[in-house]
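Here's the letter readout for the chains.
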Amino acid sequence: MKKNLFLSLFAVMFLAAGSTQAAVDAAKAEAFVKNVTTEGIEQIINANVSQQVKDERFAKLFNQALDLDFIGQFVLGRNWRTATPEQRKAFIKVYRELNIKTWSQRFDEFKGKNFIFAGTTPSNSKNQIFVNSTVPMDQGEPAKVVWRVKQTADGFKIVDIIIENVSLAITARNEYSSFIKNNPGGVDALIKDLQAKVNQPVAKK
Amino acid sequence: MLKKILTSSALAAIMLLTASCATNPSETSEFDQFDRFETFNRAMFKFNYQFDKYLAKPVAKGYRAITTPFIRERINNAISNLLEPMSAVNQVLQGEFKQSGVTVGRFAVNSTLGLVGTFDVAGAWGWKKEISGFDSTLAKWCVPDGPYIVLPLLGPSTPRAAFSLAVDAYMQPIYWAARNDANTRDKILWASSALVYVAVREGTLDLTDDLERNSVDYYATMRTAYLQNRAKKNTCINSDAGNVNYDFDFGIEEDE
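## Some words on the overall build of chain A
Then, in step 1: Scanning chain A from terminus to terminus reveals 8 helices and 5 strands.
Then, in step 2: Counted from the first residue to the last, chain A has its helices and strands arranged as α-α-α-α-α-α-β-β-β-β-β-α-α.
Then, in step 3: Buried positions account for 46% of the 205 residues belonging to chain A.
Then, in step 4: Taking the contacts inside chain A whose residues are at least 6 apart along the sequence as the reference set, 51% of them involve residues at least 24 apart.
Then, in step 5: Working note: accessible area of chain A is about 11,300 Å², and carbon and sulfur atoms make up 57% of it.

## With respect to the pairing of strand S4 (residues 155–163) of chain A
All names here are of chain A.
Then, in step 1: Most of S4 is tucked away, with 7 of its 9 residues classed as buried.
Then, in step 2: What sits between strand S3 (residues 143–152) and S4 in their antiparallel hairpin is a turn of 2 residues.
Then, in step 3: With 2 bridges joining them, S4 and strand S5 (residues 166–167) adopt antiparallel strand pairing. Within S5, the position partnered with Ile162 by the bridge is Ser167.
Then, in step 4: The hairpin turn running from S4 into S5, its antiparallel successor, is 2 residues long, and Glu164 in that turn takes a positive phi close to 50°.

## Looking at the sheet that holds S4(A)
The strands making up a sheet associate through hydrogen bonds between their backbones, and the pairing can be parallel or antiparallel.
All names here are of chain A.
Then, in step 1: Strand order in the open sheet made by the 5 strands is S1-S2-S3-S4-S5, with antiparallel pairing throughout. Two strands lie at the open edges of the sheet, namely strand S1 (116–122) and S5, each paired on one side alone.
Then, in step 2: Examined bridge by bridge, strand S2 (residues 128–135) and S3 share 8 bridges and lie antiparallel to one another. For Val135, the partnering residue across the bridge sits in S3 and is Ala143.

## Quick look at the nonpolar core
Then, in step 1: Of all hydrophobic cores here, the largest spans 54 residues; its most connected members are A:Val75, A:Phe91, A:Tyr95, A:Trp147, A:Val149, A:Tyr176 and A:Leu190.
Then, in step 2: At 8 residues, the largest contribution of residues to this core is made by helix H6 (residues 85–108) of chain A.
Then, in step 3: Excluding anything up to four places from it in sequence, A:Phe91 contacts A:Gly72, A:Val75, A:Leu76, A:Tyr176, A:Leu190, A:Ile191 and A:Leu194.
Then, in step 4: Listed in part, the 10 residues of the second largest apolar core include B:Tyr148, B:Val150, B:Tyr218 and B:Leu227.

## Quick word on helix H3 (residues 51–65) of chain A
Residues and elements named next belong to chain A.
Then, in step 1: Between its first and last C-alpha, H3 extends 21 Å over 15 residues, near the 21 Å set by a 1.5 Å rise per residue.
Then, in step 2: Within the span of H3, buried status applies to Lys54, Phe58, Leu61, Phe62 and Ala65. Buried residues of H3, seen end-on, are gathered within an arc of 100° and therefore sit on one face of the element. H3 presents Gln52 and Lys60 as exposed residues on the side facing more than 90 degrees away from its buried surface.
Then, in step 3: Each element contacted by the buried residues of H3 is listed here: helix H2 (26–45), helix H4 (68–76), H6 and S4.

Each value, and the rule that gives it
Note that residues are indexed from 1 along each chain, following the sequence as it is written. Here the convention is simple: chains get letters from A, ligands get numbers from 1, in the order in which they are written. Only residues with pLDDT of at least 70 get local features here, since the model is predicted, and only at 80 or more are side-chain atom pairs given and counted; chain-wide, interface and lining totals rely on the full set of residues. Hydrogens and waters are ignored; side-chain quantities use all the structure's heavy atoms. Helix and strand assignments come from DSSP, with helices taken as H or I runs of at least 4 residues and strands as E runs of at least 2, each series counted from the N terminus. We call a residue buried when its accessible area falls under 20% of the maximum for its residue type, exposed when it is over 50%, and partly exposed in between, using a 1.4 Å probe and counting protein chains only. In what follows, a contact means two residues having at least one pair of non-hydrogen atoms within 4.5 Å. Exposure was quantified through the Shrake-Rupley algorithm and a 1.4 Å probe, taking into account, for residues, occlusion by the shown protein chains and nothing else. Here, strands pair whenever DSSP counts at least two bridges between them. Here, the term nonpolar core denotes a set of buried Ala, Val, Leu, Ile, Met, Phe, Trp, Tyr and Cys residues that are joined through side-chain atoms within 4.5 Å. For a helix, the expected span equals 1.5 Å multiplied by the number of residues minus one. Summarising the geometry, the arc corresponds to the directions from the helix axis toward the C-beta atoms.

Just geometry here; none of it tells us what the structure is for.
Below you can see the structure in the form of structure tokens.
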């Protein structure tokens, strides 16, 4: 009984200490994500400009807000270490293109919707924090969107987006490592397949 | 007997799409270690994919074409309403007595004032819906999940989730209402299972199309999405809540 009391006291102290030592400024991280989503909605989704201008703006915002070099390395996982510099470069390039393409389509789904921010959660990873948000849907429960934000020398960067418990980065990492494992062509075959995905026509809506 | 279980399982299966829970797969980001039966699973996935491509998906699209969002919402509400008794029982098993009371109240109000559950009147009063199947009860009791398995027609699962499906099937009002006459019971169960299958498939059309279009290994994508979701919904008292299951060291590849 006494032991439990001590344990819980200890836990409380530990938690309190942890939160005061947080390296990342939670309010600023949240403000950063808020800015990115507001800019996306106002300047892109709701803007009265051609699709081409929208695509350009989206690519710019995406490249600014996300650290795709970092995400790409993580996504390639253990295969990153064995990849040649050319493979690494080609992979990051095609991964960036594919993400810009898929996310500009997905982003369209947010037309008429908005993000409601719900504070932050600390991360065990250095200089990182989770920014929590929800998106009210036309039907049913609101969708849960969590942003993993990293503080870099160059300001805040988004390094993962977790939608309804499913992480973009972990999903891609598992998918690609599975592909490489099952494919004799390895990383080169992956790059080729991803390039084919980039080249395929945009799905009609 | 088996047929009975399978039929009603199909009905309850839907629940697992929304109410599944899991023991903690891992703090790492690799999920393929849970796929001991990958060869079998890939074959079953392929079979399900063909079934979906030529039957389930076209039917779901047809259903979307002949209904309006308003009608679909009514149907989804009615389906969800029939899961409330199951939720109430499981909430008691999980010690959530207060929520169980709310669930019973929701079922009573929505089945009557809500016109057989098509309108969520109780929800508008602030009586919060919480769907809970036997799988979330087992998760709370810290029963291990077992390896990843792909079930025929029902898709991604685990032994615990599959077992829970059969248990949930016995908690469906439709099953009890029809239990006295074997002949009509089978018809009712098959028809309702088929309707639920189509309604759920319709709800996931856009999502699965998006995932498939952007995947180089669709099987692996579905597997990791399913397992991530289960890991996160785990409520076992021994595991950590929160963001922990994707809070691995994200910078590990950085300094080599």
